[in-house]
Amino acid sequence: MPVTNVSKDPQAMTMTIVADFPVPVRRLWDAYADPRQLEKFWGPVGWPATFTRHDMYPGGESQYYMTGPDGEKPAAWFEFIAVTEGQSFEVLDGFSKENGSRDLGSPVMRMVFAFEETTEGSRLVHTTHFNSAAELEQILEMGMEEGTLSAMSQIDAVVADLQSFAAGQAVKTQLIGDHQARLSRVIRGTLDQVWKAHHDPELLRKWQLGPAGWTMPVCEVGTVVGETYRYEWEREGGQDRFGFTGTVLEIEAPHRSVTTEAMIGQEETATTNELTLTPVDGGTLLSLLVTYPDETLRETILATGMADGMETSYARLESEVLSV
């Protein structure tokens, strides 16, 4: 059990948990920055978490739910107030309604996570600030302390895994619910480099090509909300042209963009694509959450080898754009 101290201060209206780990600060930080890892320990034992959004930058937000033993799925949210990479982050934490909106009628807590180097590895100081002593008592009666300690008991196993989430791993696909999929990969490049590579037409034409022998004659990029984009590919010689188009719904450079996407001529089957970029050890974690109209379309598209095609392009991105 990594927790070394738990203190509650009704006058300051805080609860502070101190935990020590035999790994560098960077490894512990990345476990909180990567939603794939955070899911493995954020919920108490028996209540795994699923993050459908995790934007670790000031002004960003996270949305998640935990699945209980009987299938119940209480949902919650973070709003990131401050982030100092590798040192600390501060969030507002609250519950969500069934429709996914914030339940501001329930307690909203402020949580600060501070990371420190120690002679044996790293230390996490997790302080929760409540709005009143009565609220502190109420939340503790709901089992917050026990739940947090149960969740943190799982961190050691996550940070001990040095391979699954490292740079060099191919694109990984995770099914979420009945109509979403998250595709993830660590790209060997800085946050700004990876963002530019996704939004500069000249760079896109160099790497977003799929198998050898294809070209990208049309590359019209959308960079502000409301703009449309259009990408088209064809085999060398001009055969088999196809493409995708969509609209920019949200954009927060260099961290996040949300777009619609549909194959040209099949706009009725549009998906919503949420791209999030997060700095991690070895490069930039790229997470692409795709929301499909239904489960059938999700399975059909994934079965085409979508992840393999993305891996081919990302490998080219690293070798022909970011390594230059």
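Residues numbered from 1 in each chain as written. Predicted model: local features only at pLDDT ≥ 70, side-chain atom pairs only at ≥ 80, totals over all residues. Heavy atoms only, no water.

**Thoughts on the UniProt feature "domain: Activator of Hsp90 ATPase homologue 1/2-like C-terminal" (unreviewed entry) in the chain**
As annotated in UniProt, the feature "domain: Activator of Hsp90 ATPase homologue 1/2-like C-terminal" (unreviewed entry) corresponds to residues 23-159 and 191-319 in the numbering used here. Taken end to end, residues 23-159 is 26% helix and 36% strand, and its two terminal C-alpha atoms sit 7 Å from one another. End C-alpha to end C-alpha, residues 191-319 measures 16 Å, and it is 29% helix and 41% strand. (UniProt positions renumbered as here; feature names shortened; annotations may be inferred. Helix = DSSP H or I, 4+ residues; strand = E, 2+ residues; numbered from the N terminus.)

**Let's talk about the pattern of salt bridges**
Evaluated as defined, the whole model comprises 22 salt bridges. Arg123 serves as the salt-bridge partner of Asp20, at 2.7 Å between the closest nitrogen and oxygen. Taken together, the positions of Asp20 in strand S2 (residues 14-21) and Arg123 in strand S8 (residues 121-129) put the pair 103 residues apart, joining distant regions of the chain. Judged by relative accessible area, Asp20 falls into the partly exposed class, the value being 23%. Classification of Arg123 by relative accessible area gives partly exposed; the value is 31%. With a closest N to O distance of 3.5 Å, Arg256 and Glu250 form a salt bridge. Its relative accessible area of 4% is what places Arg256 among the buried residues. (Salt bridge = Lys/Arg side-chain N within 4 Å of Asp/Glu carboxyl O. Buried < 20%, exposed > 50% of the residue type's maximum accessible area, 1.4 Å probe, protein only.)

**Points about unusual backbone geometry**
Omega for the peptide link from Ala253 to Pro254 comes to -5°, which places this bond in the cis form. With respect to the helices and strands, the residue Pro254 is situated in the loop between strand S13 (242-252) and strand S14 (256-263). Residue Met13 is not a glycine yet carries a positive backbone phi of 60°. Checked against the element boundaries, Met13 lands in the loop between strand S1 (3-9) and S2.

**Considering the nonpolar core**
Counting residues in hydrophobic clusters, the biggest one holds 40 residues, and the most contacted among them are Leu28, Tyr32, Trp42, Phe89, Phe113 and Phe115. Residues in contact with Phe89, not counting those within four places in the same chain, are Trp29, Tyr32, Met56, Phe80, Ala82, Val83, Met111, Val112, Phe113 and Phe115. (Core = buried A, V, L, I, M, F, W, Y, C linked by side-chain atoms within 4.5 Å. Contact = heavy atoms within 4.5 Å.)

**Quick word on the sheet that holds strand S6 (residues 88-95)**
Backbone-to-backbone hydrogen bonds pair the strands of a sheet. The strands run either parallel or antiparallel. Spatial ordering of the open sheet is given by S1-S2-S8-S7-S6-S5-S4-S3, a layout of 8 strands whose pairing is antiparallel. The sheet is open, and its two borders are formed by S1 and strand S3 (49-54), each paired with just one other strand. Ignoring which end each strand starts from, the neighbouring axes of this sheet average 20° apart. Pairing of strand S7 (residues 109-118) with S8, which is carried by 9 bridges, proceeds in the antiparallel orientation. Counterpart to Val112 in the pairing with S8 is Thr127. (Pairing = 2+ DSSP bridges. Axes fitted to C-alpha atoms, helices over the stretch in contact; angles between N-to-C directions.)

**Observations concerning the pairing of S14**
Moving residue by residue along a regular strand, the side chains alternate between the two faces of the sheet. Pairing geometry for S13 and S14, over 6 bridges, is antiparallel. Opposite Phe244, over in S14, you have Met263 as the bridge partner. In sequence, S13 turns back onto S14 through a hairpin of 3 residues. Where S14 and strand S15 (residues 271-280) come together, 6 bridges link them in antiparallel fashion. Counterpart to Arg256 in the pairing with S15 is Thr276.

**Observations regarding the environment of Glu135**
Mapped onto the elements, Glu135 comes out in helix H3 (residues 133-141). Classification of Glu135 by relative accessible area gives buried; the value is 10%. Through-space distance from the C-alpha of Glu135 to that of Met109 is 9.5 Å; in sequence the pair is 26 residues apart. Residues within four places of Glu135 in sequence aside, it is in contact with Pro107, Val108, Met109 and Phe130.

**Description of helix H9 (residues 306-322)**
Helix length check: H9 (17 residues) gives 22 Å between terminal C-alpha atoms against 24 Å at 1.5 Å per residue, within 8%. Every buried residue of H9 is accounted for by Met306, Ala307, Met310, Glu311, Ser313, Tyr314, Arg316, Leu317, Glu318, Val321 and Leu322. Residues of H9 that are buried sit in contact with strand S9 (172-176), strand S10 (180-187), helix H6 (191-199), helix H7 (201-207), strand S16 (283-291) and helix H8 (295-302). (Expected span 1.5 Å × (residues − 1).)

**Here we look at the sheet that holds S9**
If you walk across this open sheet you meet the 8 strands as S9-S10-S16-S15-S14-S13-S12-S11, and the pairing is antiparallel. Single-partner strands in this sheet number two, and they are S9 and strand S11 (214-220). Between one strand and the next, the sheet's axes are offset by a mean angle of 25°, whatever the strand orientation. Running over the sheet, H8 touches S9 and S10 and is turned about 170° from S9. Against the sheet, H9 contacts S9, S10 and S16, and its axis sits at roughly 25° relative to S10.

**Some words on the side chain of Ser96**
For Ser96, the position within the fold is in the loop between S6 and S7. Take Ser96: its relative accessible area is 16%, and that puts it in the buried class. Beyond its immediate sequence surroundings of up to four residues, Ser96 is in contact with Ala75, Ala76, Trp77, Ser101, Arg102 and Asp103.

**Brief notes about the environment of Leu297**
Its location among the elements puts Leu297 in helix H8. The buried category is assigned to Leu297, whose relative accessible area is 17%. When the C-alpha atoms of Leu297 and Thr269 are compared, they prove to be 8.1 Å apart, with 28 residues separating the residues in sequence. Among all residues touching Leu297, those that are not within four sequence positions of it are Thr269 and Tyr292.

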